[in-house]
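Single-letter residue listing:
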Amino acid sequence: MTFLLNWLFTSIAIAIADWFVPGIFVLGTVEPWLCYIFTGLFLSLVNSLVKPIITVLALPLTIITLGLFQLMVNGLMLQLASSLSLNLLGSGIVAANFVSAFVGAIIMSIMCTILGVKKH
């Protein structure tokens, strides 16, 4: 049940990031809300499977930058999730460049904190 709620709130956060960040847009043949759901699913999976490994590997940089490098890791995870969604399901969100993904990840982190999503 916790995974489903995290998936739902992450999808809502993606929709909000899409609304706020000009470089993030929906791509696919399905309704936009399904694109948010697809990307939210892959982002939840990436955050629970890949992000812990990347976080440990990037720990020295995170310490040197006083935690700011973790925002870059979040941006990379968003790009990975959107890429997986587009390549495997044919629909999802696209970040025009890394800056858009970085700003989108910041907005999503803020929204997930407000919505109470538990990060893995």
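Structural notes, computed from the coordinates. (Residues numbered from 1 in each chain as written. Predicted model: local features only at pLDDT ≥ 70, side-chain atom pairs only at ≥ 80, totals over all residues. Heavy atoms only, no water.)

A word on the overall build of the chain
To be explicit about the condition: Secondary structure elements are taken from DSSP: a helix is a run of H or I of four residues or more, a strand is a run of E of two residues or more, and numbering for both begins at the N terminus. Radius of gyration means the value over C-alpha atoms here, while the globule rule gives 2.2 Å times the residue count to the 0.38 power. Each residue gets one of three labels from its accessible area relative to the maximum for its type: buried under 20%, exposed over 50%, partly exposed in between, using a 1.4 Å probe on protein chains only.
Each helix and strand in the chain was counted, giving 6 helices and 2 strands. From first element to last, N terminus to C terminus, the chain shows the α and β order α-β-α-α-α-α-β-α. Over its C-alpha trace the chain gives a radius of gyration of 13 Å, about what one expects of a compact globule, namely 14 Å for 120 residues. With the principal axes as the frame, the chain shows a C-alpha extent of 45 × 35 × 25 Å. Per-residue burial for the chain yields a buried fraction of 38% across its 120 residues.

Quick look at the packing of aromatic side chains
The criterion, for reference: Only centres within 6.5 Å qualify two rings of Phe, Tyr or Trp (six-membered ring in Trp) as a pair; their planes then separate them into stacked at under 30 degrees, edge-to-face at over 60, and tilted for everything else.
Considering all chains together, one arrives at 3 aromatic pairs under this definition. Seen from their ring centres, Phe3 and Trp7 are 6.3 Å apart, and the 40° between their planes marks the pair as tilted. One end of the pair is Phe3 and the other is Trp7, both in helix α1 (residues 2–20) and 4 residues apart, which spans about a single turn. Assessed through its relative accessible area of 33%, Phe3 is described here as partly exposed. Among the residues examined, Trp7 registers a relative accessible area of 23% and is labelled partly exposed. When the ring of Trp19 is compared with that of Phe20, the centres are 4.9 Å apart and the planes differ by 75°; the resulting orientation is edge-to-face.

Focus: the nonpolar core
The test is simple: In this text, buried Ala, Val, Leu, Ile, Met, Phe, Trp, Tyr and Cys residues form a nonpolar core when linked through side-chain atoms within 4.5 Å. It only takes one pair of heavy atoms within 4.5 Å for two residues to be counted as in contact.
Ile14, Ile24, Leu43, Leu78, Ile93 and Met108 are the most contacted members of the largest nonpolar core, which has 21 residues in total. Mapped by element, the contributors of at least two residues to this core are α1, α2 (32–49), α5 (69–89), β2 (92–95) and α6 (98–115). With 5 residues, the single largest contributor to this core is α6. Those residues in contact with Ile93 that sit more than four places away from it in its chain are Ile14, Ile24, Phe25, Val26, Tyr36, Thr39, Leu78, Ser82 and Leu86.

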